[in-house]
Amino acid sequence: MQIVYTLQLPPDVESVPLVRGLVRSSMLQLGVLEPCVDDVALAVTEACANVINHAGGAGSEYSVEVEIDPGDCHIRVIDTGGGFDANSAGAAHDFAESGRGVALMRALVDELHFIPREHEAGTIVHLTKHLDLDGESPLRALSGA
């Protein structure tokens, strides 16, 4: 069993708490343990903030795709901006006041990939977190695990 949803959002700071709240709420409802939910919520907050600060443009939108199954949560934050070098962003600014988002995301999730979009402008930030479920998890029950 898998839960999948997509959000289409304007690149506005008001969209970030909305995304974070929806991700948190859905994961908690599915029986994901709170420390795991907290990691994912903070990582997706950073990914969305990066889109707004670095890739958003007038009239552009970004999307957040969420897939949750009994083992993992995959979140893809997709922007239509010009892209960026994630390696230099994560290394050059580790101790700067801003620019720590990439390092933070790497610390919070199990896998982090920055994928340039093939036929369109922009970048896909793919976050993967292995899930810790409680014993009463609906995800576990519905999947037969």
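Scroll up to find the structure.
Keep in mind that what you see is a predicted model, and the values were worked out from it rather than measured. (Residues numbered from 1 in each chain as written. Predicted model: local features only at pLDDT ≥ 70, side-chain atom pairs only at ≥ 80, totals over all residues. Heavy atoms only, no water.)

Trainee: Give me the sheet that holds strand β5 (residues 123-130): which residues, what numbers.
Mentor: Read from one edge of the open sheet, 5 strands run β1-β2-β3-β5-β4, paired in antiparallel fashion. Strands with a single pairing partner mark the edges of an open sheet, and in this sheet they are β1 (3-9) and β4 (111-116). Neighbour-to-neighbour, the strand axes of this sheet turn through a mean angle of 15 degrees, independent of strand direction. (Pairing = 2+ DSSP bridges. Helix = DSSP H or I, 4+ residues; strand = E, 2+ residues; numbered from the N terminus. Axes fitted to C-alpha atoms, helices over the stretch in contact; angles between N-to-C directions.)

Trainee: With reference to specific residues and values, describe empty space enclosed by the protein.
Mentor: The full count for this structure, using the stated rule, is 1 cavity of 30 Å³ or more. What the largest cavity holds in volume is close to 40 Å³. Lining the largest cavity are V40, A43, C73, I75, V109, L127, T128 and K129. Looking at the lining of the largest cavity, the elements with two or more residues in it are α2 (34-55), β3 (72-78) and β5. With 3 residues, β5 is the largest single contributor of residues to the lining of the largest cavity. (1 Å grid on protein atoms, 1.4 Å probe; cavity = no way out; pocket = protein on both sides within 12 Å on 5 of 7 lines; lining within 4 Å. Points joined across faces, edges and corners; volume = space filled by probe spheres on them.)

Trainee: Go over helix α4 (residues 101-108), please, and point to the residues and values.
Mentor: Those residues of α4 that fall on the buried side of the exposure criterion are G101, V102, M105 and L108. End-on, the buried residues of α4 take up no more than an arc of 130 degrees, which puts them together on one face. (Buried < 20%, exposed > 50% of the residue type's maximum accessible area, 1.4 Å probe, protein only. Arc of directions from axis to C-beta.)

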